Amino acid sequence: MMRSSSSTIYSSLSLFALHLLFVLSLFLLFPWFSASENQFKLDGKVLELDDSNFDAAIANFDYMLVDFYAPWCGHCKRLAPELDKAAPILAGLKKPIIVAKVDADKYRKLASKHDIDGYPTLKIFMHGVSTEYYGPRKSDLLVRYLTKFVAPDVVTLSSDSAIKDFIDSAGTNFPIFIGFGLNESMIANLGVKYKKKAWFSVAMDFSEDIMTLYDFDKVPALAAIHPVYNEQSIFYGPFEEKFIEDYIKQSLLPLILPISEDSLKSLKDDQRKVVLTIMDDEADEKSKGLLKVLKSAASANRDLVFGYVGVKQWEDFAESFEVYRKTPLPKMVVWDGDEEYYTVVGSESMDETDMGTQVSRFLEGYRGGSVVQKRITGPTFMGFIRSQIGTIALLLIFTVLVVVLIFTMTREEPLIVGTREQAAEDSHSTLQPDSTKED
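Residues numbered from 1 in each chain as written. Predicted model: local features only at pLDDT ≥ 70, side-chain atom pairs only at ≥ 80, totals over all residues. Heavy atoms only, no water.

Under an unreviewed UniProt entry, the protein chain has the name Thioredoxin domain-containing protein and belongs to Penstemon davidsonii. The Sequence similarities (unreviewed entry) comment attached to the protein chain in UniProt states, word for word, "Belongs to the protein disulfide isomerase family." (UniProt positions renumbered as here; feature names shortened; annotations may be inferred.)

Encoded structure:
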């Protein structure tokens, strides 16, 4: 009896030990296992994340917008109240989007892991996979923009009013593709692939008024619409996935793209060369005439991106392509989107007469190889200097050099027998830390 009782107790203790060991192993091997939504107070406020809970949050929530900020950053301070206003609205969606923030200046290892090189940086995490957020930062527009990420991959529209409502609700931040009389299965995969870049829909029931409005005369037809640029185009096939995807990729950008700091981000994943036209002022009447010519050229050369910038609008960018005060404008170059560009021999600048012929001659010269290859002047290094991380790094390097210099100047020389050397100087300047930092 004693043996049996002891054996039972021993077995019970062994089972308890095994259970305890299993639970402990879960906590040790999978620290996120203990995290649940109860760990985070979901009250519609912006979550504060750090090294200890970031991975748990990403694992728990399907959709998260994370603000990587620095407390001293002015842009970050202006963004914070907009996120505070957007957070409860986004959390209340049918598919909630949680808004969170990380002090990237304090948790630098975490920031480095997610390739943060400036403040503020916004990233969207969808099922654990991140993509950088380039959309608007005002609360109402931010909510509309982010709603895109939890919408269906392809929306089915069944009436004229449904088409109008879809266009209105989509807003102006993304291009819109509508397949009129097109089977959903033909663009389903592409709707998933390009979900982060555009709206996709199919319409089976519509009137002739819709055909007139979107300028197509037969079906199936795939319309690409850019509301912000008041621009649209139609694709009639062939409706094989390769050709449809080529059309979608080319139509993600408008025919002619105004170059700005924000629009440059949209070129990030586009491998096409950029035909860049540099003019004095984008807004003057002469430029408007040139833009019409460029739009016609762009529609016939979809293997290239056509962009334009005014010196008045962005002088620093224009100077990267050797455009200075006395440079004749307009000037056209072909840019690789990185550090190299090409000028075309005989087409270094344009005059106001027959611009259409001059643009055609420029493109013929480029395609014929009559070019001079050049490198942009300084943006890579200057971009580093102007970035917040670059500024901090340079300040640190400067501080270290000053400290070394001070140490060298004030260090006592070794004693010489029978004498004591006097310091060459009795005073030195003290480095005053800069109380402000660049955003």
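Asks: Which parts of the structure should I look at to understand the overall build of the protein chain?
Replies: Regarding its fold elements, the protein chain presents 15 helices and 16 strands. Taking all 439 residues of the protein chain together, the buried fraction comes to 40%. Long-range pairs, those at least 24 residues apart, make up 67% of the contacts in the protein chain with a sequence separation of at least 6. Carbon and sulfur atoms form 55% of the exposed surface of the protein chain, whose accessible area is close to 26,000 Å². (Helix = DSSP H or I, 4+ residues; strand = E, 2+ residues; numbered from the N terminus. Buried < 20%, exposed > 50% of the residue type's maximum accessible area, 1.4 Å probe, protein only. Contact = heavy atoms within 4.5 Å. Areas by Shrake-Rupley, 256 points an atom, 1.4 Å probe, with all protein chains shown as cover.)

Asks: Would you explain unusual backbone geometry in this entry?
Replies: Peptide bonds are trans in most cases, and residues, glycine excluded, mostly fall at negative phi. Along the chain, Val219 connects to Pro220 via a cis peptide bond; the corresponding omega equals 0°. Relative to the helices and strands, Pro220 is located in the loop between α8 (208-213) and β9 (221-226). The omega torsion across Gly237 and Pro238 is 5°, close enough to zero to call that bond cis. For Pro238, the location among the structural elements is in the loop between β10 (231-235) and α9 (241-251). Backbone geometry places His127, a non-glycine residue, at a positive phi of 55°.

Asks: Where do I start with the side chain of Glu82 in this structure?
Replies: As for its position among the elements, Glu82 is in helix α3 (residues 74-91). For Glu82, the side chain forms a polar contact with the main-chain nitrogen of Ser139, separated by 2.8 Å. Not counting residues within four places of it along the chain, the set of residues in contact with Glu82 comprises Arg137, Lys138 and Ser139. (Polar contact = N/O pair within 3.5 Å; in protein donor to acceptor, adjacent residues only side chain to side chain.)

Asks: Help me understand the pairing of β9 in this model?
Replies: The side chains of a regular strand alternate between both faces of the sheet. Burial analysis of β9 places 6 of its 6 residues in the buried class, the great majority of the element. Taken together, the 5 bridges between strand β7 (residues 176-180) and β9 define a ladder with antiparallel strand orientation. The partner of Ile178 across the bridge, within β9, is Ala223. In the sheet, β9 pairs with β10 via 5 bridges, with the strands oriented antiparallel. (Pairing = 2+ DSSP bridges.)

Asks: Even after reading the chapter, I still don't get the packing of aromatic side chains, so can you show me in this structure?
Replies: Any aromatic ring pair is given by two values, namely how distant the centres are and how the planes are angled relative to each other. Following the criterion strictly, the structure yields 22 aromatic pairs and no others. With centroids separated by 5.8 Å and ring planes inclined at 90°, the aromatic side chains of Phe166 and Trp199 adopt a geometry described as edge-to-face. Of the two residues, Phe166 is situated in helix α6 (residues 160-170) and Trp199 in strand β8 (residues 199-203); the sequence distance between them amounts to 33 residues. Assessed through its relative accessible area of 7%, Phe166 is described here as buried. Judged by its relative accessible area of 7%, Trp199 is buried. (Phe/Tyr/Trp six-rings, centres within 6.5 Å; stacked < 30°, edge-to-face > 60°.)

Asks: When you look at the pairing of strand β14 (residues 331-335) in this model, what are you seeing that I'm missing?
Replies: For β14, the tally of buried residues reaches 5 of 5 residues, placing the bulk of the element in the interior. The alternating pattern of β14 places Lys331, Val333 and Trp335 on one face and Met332 and Val334 on the opposite face, and all of these are buried. Here 5 bridges tie strand β12 (residues 274-279) to β14, and the two strands are oriented antiparallel to one another. Note that in β14 the partner of Val274 across the bridge is Trp335. Bridge analysis of β14 against strand β15 (residues 340-344) gives 2 bridges, and the strand direction is antiparallel. Residue pairing across strands places Trp335 opposite Tyr341, the latter belonging to β15. Linking β14 back to β15 in an antiparallel pair, the connection comprises 4 residues, with Gly337 at a positive phi of about 85°.

Asks: Honestly, α9 in this entry has me stumped. Any pointers?
Replies: Quick reminder: α-helices carry 3.6 residues per turn. Residues three or four places apart thus point the same way. Ile244, Glu245, Tyr247, Ile248 and Ser251 are the residues of α9 that are buried. On an axial view of α9, the arc spanned by its buried residues comes to 160°, and they lie on one face. The elements touched by buried residues of α9 are β7, α7 (188-193), β8, β9 and β10. (Arc of directions from axis to C-beta.)

Asks: Before we go on, may I ask you to explain the environment of Asn60 in this structure?
Replies: Along the chain, the position of Asn60 falls in helix α2 (residues 54-60). Residues Asn60 and His127, 67 residues apart in the sequence, show an inter-C-alpha distance of 8.9 Å.

Asks: Explain the sheet that holds strand β3 (residues 98-103) here, please?
Replies: Adjacent strands of a sheet form backbone hydrogen bonds with each other and so pair up, either parallel or antiparallel. Judged by pairing direction, the sheet is mixed, and its 5 strands sit side by side in the order β1-β3-β2-β4-β5 without closing on themselves. Bordering the open sheet on either side are β1 (47-49) and β5 (129-132), each of which pairs with just one other strand. Within this sheet the neighbouring strands show an average axis-to-axis angle of 30°, counted without direction. Two strands pair when backbone bridges link them, and β1 and β3 are joined in this way by 3 bridges, in the parallel orientation. Bridge pairing in β3 places Glu48 opposite Lys101. The sheet contacts of α3 involve β2 (63-69), β3 and β4 (121-126), and relative to β2 the element is tilted by about 165°. (Axes fitted to C-alpha atoms, helices over the stretch in contact; angles between N-to-C directions.)

Asks: What's the story with empty space enclosed by the protein in this structure? I'm lost.
Replies: Gaps between atoms show up when a probe of the same size as a water molecule is rolled over them. The tally for this structure, following the rule as stated, stands at 2 cavities of 30 Å³ or more. Ala224, His226, Glu231, Gln232, Ser233, Ser251, Leu253, Leu255 and Arg302 together form the lining of the largest cavity. Listing elements by their share of the lining of the largest cavity, those giving two or more residues are β9 and β10. Tallying contributions element by element places β10 first for the lining of the largest cavity, with 3 residues. Residues that form the lining of the largest cavity fall into these classes: 3 nonpolar, 4 polar and 2 charged. Residues belonging to the lining of the second largest cavity are distributed by class as follows: 6 nonpolar, 1 polar and 2 charged. (1 Å grid on protein atoms, 1.4 Å probe; cavity = no way out; pocket = protein on both sides within 12 Å on 5 of 7 lines; lining within 4 Å. Points joined across faces, edges and corners; volume = space filled by probe spheres on them. Nonpolar A, V, L, I, M, F, W, Y, C, P; charged D, E, K, R; others polar.)

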